[in-house]
Amino acid sequence: MADHTGKRASKRAVRRIDTSSIKTTTLLSFVIFALFLVMVLWGLSNFFLSSFYERARSQEVIRTAETLEAQFSQDSVSFGSLALQTASSNNIYIRIDTPDERFIFDGTREAQDSDAFEADVSRIETKLVFSTAENVSETRRDNSGMGTRLVYASFITSGSTDNILCIIAPLYPDPVTVRILRDMLIYISFIVLIVSLLLAFALSVRLTSPIEKLTRSATELSNGNHDVYFDGAGFTETKELARALNKASYEMEKTDFYQREIIANVSHDLKTPLTMIRSYAEKIMDITGDNPEKRNADLNVIISETEHLNKMVTDMLSVSNLQSNNIELHMETFDLVQAARSVYESSLALASSEGFDIQFHPCRPAYVVGDRTRMTQVMTNFVSNAVKYSGDNKFIDLRLSKSSKKVTFHCIDHGMGIPAEEIGHVWDKYYRTSANHERGIEGTGLGLSIVKGILNLHGAKYGVESEEGKGSDFWFEMDTVRKPAAEETEKKDG
């Protein structure tokens, strides 16, 4: 039984290793990079160490020769001690040939107390004599057992005599040095692997920690907890993501709140007309059915309440279509001033029946491209909104102004206004200002959201300026275009 339990635990542990996770990918990437780096180091040591050593050694020998030349020209007496020290410390063979004598300073173990370099010196001196340059050098590779070496010769002028400096330097690395370097490379490779593993683990934890926190918070949000806070501390990208998710959480919470509000409001608003329709239908059936005058009055109430219900359903359908981009615009060029005038004339009946003073101040004709029906709906909604919130003042001012290539429509009321903290929310769907609840104003809270969607589809600018207790100014602005040629022709014919 214990054996089976251990096997199941082992299988679960294997399953938990996710090769697609950031943590695992980062860890593997660092390990692969470290292995690649170690392979490069070993490859360079095996294939390029000798050639690199030769090149560096040759450059060092030439610099040493230039130093010796300068010293011999300045002070030939103290040159011997410098040459002896240089030959011993650099493992090179130094020879000075003057017209009278020869000086040899041998720091190589292979040629110690021998004439092994005599042939090389003779060859390079001959080459120097027949050359136009001040110095010559060559690399010798032969089977004499001496290995690869650099042979260098140059003229040194001391007084009125010409002397020849010859330097022979082995270009192969010392076997002991090579062995030490390879041992050091083993330690370096081991350290690189360990450091890479530690860095990979630390970085993977640092990378995944904020993401895991965001994931846990997102899971809570998906379970309906809107109070969750997204913490993206660590990186700029995760901070931006956390900021966006916190905003989304706030908007979701706000939408849920508005939806609950609209459900309560719509339920109340539906209950009243449905109750009235039922009551008046029963009244017609039981009491006024035989009295044409009373029956018609009761039927008018039923029709009015049915229209109210139809308006509510239409608003909800309009919002749904706008959200799903399932709305079709019939674009045409029309005079916005004329469309606004039709809205004004339609509102005159309201003005006469309920005592509203609605003023209209048009500008010169302003042609725009848009859906005339939808834009008329926008202006009508502004007027309807102003009627609801105009309070006892009952004065509404419709104004149009034209400047440059823009035309602006204003709907101004002098009613209760909008609290400053609520102005930013008036365009949200389901939102109703606090005045709605205080004064019992009917409405679904969808009107201005529909207006916002229509104006966005037209690319129009819009906004509201309001001060609590002094009224509001709802406006939108559109680009103007030239008058259609057909209308110009009709005007001339008329």
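Please read these numbers as outputs of a predicted model, since none were measured by experiment. (Residues numbered from 1 in each chain as written. Predicted model: local features only at pLDDT ≥ 70, side-chain atom pairs only at ≥ 80, totals over all residues. Heavy atoms only, no water.)

Let's talk about the overall build of the protein
Turning to step 1, where the next piece is worked out: Tallying secondary structure elements over the protein gives 13 helices and 12 strands in all.
Turning to step 2, where the next piece is worked out: Taken over 494 residues, the protein has a buried fraction of 36%.
Turning to step 3, where the next piece is worked out: Put simply, 63% of the contacts in the protein that link residues at least 6 apart link residues at least 24 apart. (Helix = DSSP H or I, 4+ residues; strand = E, 2+ residues; numbered from the N terminus. Buried < 20%, exposed > 50% of the residue type's maximum accessible area, 1.4 Å probe, protein only. Contact = heavy atoms within 4.5 Å.)

Here's the deal with the sheet that holds strand β10 (residues 406–413)
Turning to step 1, where the next piece is worked out: Ordered by their spatial adjacency, 5 strands build an open sheet running β7-β9-β10-β12-β11, and the pairing between neighbours is mixed. Only two strands of the sheet have a single partner each, and these edge strands are β7 (357–361) and β11 (461–467). This sheet shows a mean twist of 15° between the axes of neighbouring strands, independent of strand direction.
Turning to step 2, where the next piece is worked out: Taken together, the 8 bridges between strand β9 (residues 395–403) and β10 define a ladder with antiparallel strand orientation. Each residue of the ladder has a partner; that of K402, found in β10, is V407.
Turning to step 3, where the next piece is worked out: Sheet contacts for helix α10 (residues 372–389): β9, β10 and β12 (471–479); angle to β12, the most-contacted strand, approximately 170°. (Pairing = 2+ DSSP bridges. Axes fitted to C-alpha atoms, helices over the stretch in contact; angles between N-to-C directions.)

Concerning the pairing of β11
The side chains of a regular strand alternate, first on one face of the sheet and then on the other.
Turning to step 1, where the next piece is worked out: Where β11 and β12 come together, 7 bridges link them in antiparallel fashion. Bridging from a neighbouring strand, K461 pairs with E477 of β12.
Turning to step 2, where the next piece is worked out: What sits between β11 and β12 in their antiparallel hairpin is a turn of 3 residues, with G469 showing a positive phi close to 90°.

Some details on helix α4 (residues 79–90)
Turning to step 1, where the next piece is worked out: Its 12 residues place the ends of α4 16 Å apart at the C-alpha level, agreeing with the 16 Å of an ideal helix rising 1.5 Å per residue.
Turning to step 2, where the next piece is worked out: For α4, the complete set of buried residues consists of F79, A83, T86, A87 and N90. Each buried residue of α4 sits inside an arc of 95° when the element is viewed along its axis, so together they form one side. Facing away from the buried side of α4 by more than 90 degrees, the exposed set consists of S81, Q85 and S89.
Turning to step 3, where the next piece is worked out: Two residues or fewer past α4, N91 is found with a positive phi of approximately 55°. (Expected span 1.5 Å × (residues − 1). Arc of directions from axis to C-beta.)

Points about the packing of α10 against helix α12 (residues 447–457)
Turning to step 1, where the next piece is worked out: It is at 10 Å that the axes of α10 and α12 come closest, and there the two elements cross at 150°. The angle between α10 and α12 places the two elements in the roughly antiparallel class. Our pair here, α10 against α12, has a crossing hand that is left-handed. Only G447, L448, I450, V451, I454 and L455 of α12 make contact with α10, whose side of the interface consists of R374, M375, Q377, V378, N381, F382 and N385.
Turning to step 2, where the next piece is worked out: A per-class count over the contact of α10 with α12 returns 8 nonpolar, 4 polar and 1 charged. (Parallel < 35°, antiparallel > 145°, perpendicular 65-115°, else oblique. Left-handed = near helix turned anticlockwise from the far one by under 90°. Nonpolar A, V, L, I, M, F, W, Y, C, P; charged D, E, K, R; others polar.)

Observations regarding unusual backbone geometry
For residues besides glycine, phi is generally negative; the peptide bonds are generally trans as well.
Turning to step 1, where the next piece is worked out: The residue N91 is not glycine, and still its phi comes out positive at about 55°.
Turning to step 2, where the next piece is worked out: The topology assignment puts N91 in the loop between α4 and β1 (93–97).
Turning to step 3, where the next piece is worked out: Even without being glycine, S404 reaches a positive phi, approximately 55°.
Turning to step 4, where the next piece is worked out: Structurally, S404 can be placed in the loop between β9 and β10.
Turning to step 5, where the next piece is worked out: Among the residues examined, S404 registers a relative accessible area of 68% and is labelled exposed.

Some words on the confidence of the model for the protein
Turning to step 1, where the next piece is worked out: Chain-level pLDDT for the protein is 79 on average; 80% of the residues reach the 70-or-more range.
Turning to step 2, where the next piece is worked out: In the predicted structure, residues 436–441 sits below a pLDDT of 50 and forms 12 contacts with residues beyond four places in sequence or in another chain. (pLDDT = per-residue confidence, 0-100.)

Some words on the pattern of salt bridges
Turning to step 1, where the next piece is worked out: One pass over the full model with this rule turns up 12 salt bridges.
Turning to step 2, where the next piece is worked out: Of the charged contacts in the structure, one is a salt bridge between E118 and R95, with a shortest N-O distance of 3.1 Å. Remark: R95 occurs in strand β1 and E118 occurs in helix α5 (residues 118–129); sequence separation between them is 23 residues.
Turning to step 3, where the next piece is worked out: For R102, the salt bridge goes to D97, with nearest N and O atoms at 3.2 Å.
Turning to step 4, where the next piece is worked out: We classify R102 as partly exposed; its relative accessible area is 47%.
Turning to step 5, where the next piece is worked out: A relative accessible area of 12% means that D97 is categorised as buried.
Turning to step 6, where the next piece is worked out: Shared partners join several salt bridges into a network, and the residues in it are R95, D97, R102 and E118. (Salt bridge = Lys/Arg side-chain N within 4 Å of Asp/Glu carboxyl O.)

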